[in-house]
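# Close look at the chain arrangement
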Amino acid sequence: MLFEELTASAKSLGASDAAIIAASEIPVEDHLADFCRKNPGCENYRLSMSCPPHVSGPAGFRKLQREFSHGLVFSFTVPEEVLLSERRPEIFQKLHETGAQIEALAKGLGFSDARAFAGGSCRRIFCPDQKDCRVLKKGERCRYPDSARPSMSGFGIDVSALMKRAGISMEWMGQPGEDNGMKMGTVCGLVLICSDS
Ligand code: SF4
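These remarks concern the structure in this document. The structure displayed is predicted, hence computed values, not measured ones. (Residues numbered from 1 in each chain as written. Predicted model: local features only at pLDDT ≥ 70, side-chain atom pairs only at ≥ 80, totals over all residues. Heavy atoms only, no water.)

Around the ligand, the neighbouring residues are Ser48, Cys122, Arg123, Phe126, Cys127, Cys133, Arg134, Cys142, Arg143 and Ala148. When residues of the shell around the ligand are assigned to their parent elements, the largest contribution, 3 residues, is made by helix H6 (residues 122–126). Here the shell around the ligand is composed, by residue class, of 6 nonpolar, 1 polar and 3 charged. (Near = heavy atom within 4 Å. Helix = DSSP H or I, 4+ residues; strand = E, 2+ residues; numbered from the N terminus. Nonpolar A, V, L, I, M, F, W, Y, C, P; charged D, E, K, R; others polar.)

Pasting the structure below:
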């Protein structure tokens, strides 16, 4: 019942879809986390407390999978032309903010350890005009504690397999939309929940 409430809340926050899966079902691949560092590498590597090598990576996430019972997967499906435009950071900002809001709602429902993950580096989304990440540079609190969350990429989470396992429909960038309609793309986030908390 509480899970249904959470998925309904995710949708009321604007998510296109939301579903719960067992935490053990979240697909994690070491080589996917390596892409942050090389081939092709990410321009934000090392630049944020929420990005590699400052996060615990696939090994750390597998530990979390043993500690948490479930994951709430939520998605936003948006026109491809928006994802490829200067509005792209806006979409990823919404992804981070929604994850943080679902995390807060889950805590309010008694899942006190709820923990959200998003997509895209918070450095680029929230602090592009800042000289540095305040947590890394000064050991101070994140500038956006109620919004910014770590990216799933740094933990090696296979996002497309995750959506498939959650039964969430995914639109691939570059593919024609349904009935040859507008091309769409899907981005997703994750909130870990422990039903024993
Ligand atoms: S201060 Fe900025 S770059 Fe650092 S963790 Fe927070 S949002 Fe990310």
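Computed from the structure, the largest pocket encloses a volume of approximately 1100 Å³. Lining the largest pocket are 39 residues, with Arg88, Phe92, Gly119, Gly120 and Ser153 sitting closest to its centre. Of the residues assigned to the lining of the largest pocket, the class counts are 23 nonpolar, 11 polar and 5 charged. The computed volume of the second largest pocket comes to approximately 360 Å³. (1 Å grid on protein atoms, 1.4 Å probe; cavity = no way out; pocket = protein on both sides within 12 Å on 5 of 7 lines; lining within 4 Å. Points joined across faces, edges and corners; volume = space filled by probe spheres on them.)

Turning our attention to the packing of aromatic side chains. Applying the stated criterion across every chain yields a total of 6 aromatic pairs. Each ring, one from Phe126 and one from Tyr144, has its centre 5.2 Å from the other, and the planes form 35 degrees; the classification is tilted. Of this pair, Phe126 sits in helix H6 while Tyr144 sits in the loop between helix H7 (134–138) and helix H8 (159–166); the two residues are 18 residues apart in sequence, bridging distant segments of the chain. Accessibility expressed as a relative area gives 31% for Tyr144, which makes it partly exposed. (Phe/Tyr/Trp six-rings, centres within 6.5 Å; stacked < 30°, edge-to-face > 60°. Buried < 20%, exposed > 50% of the residue type's maximum accessible area, 1.4 Å probe, protein only.)

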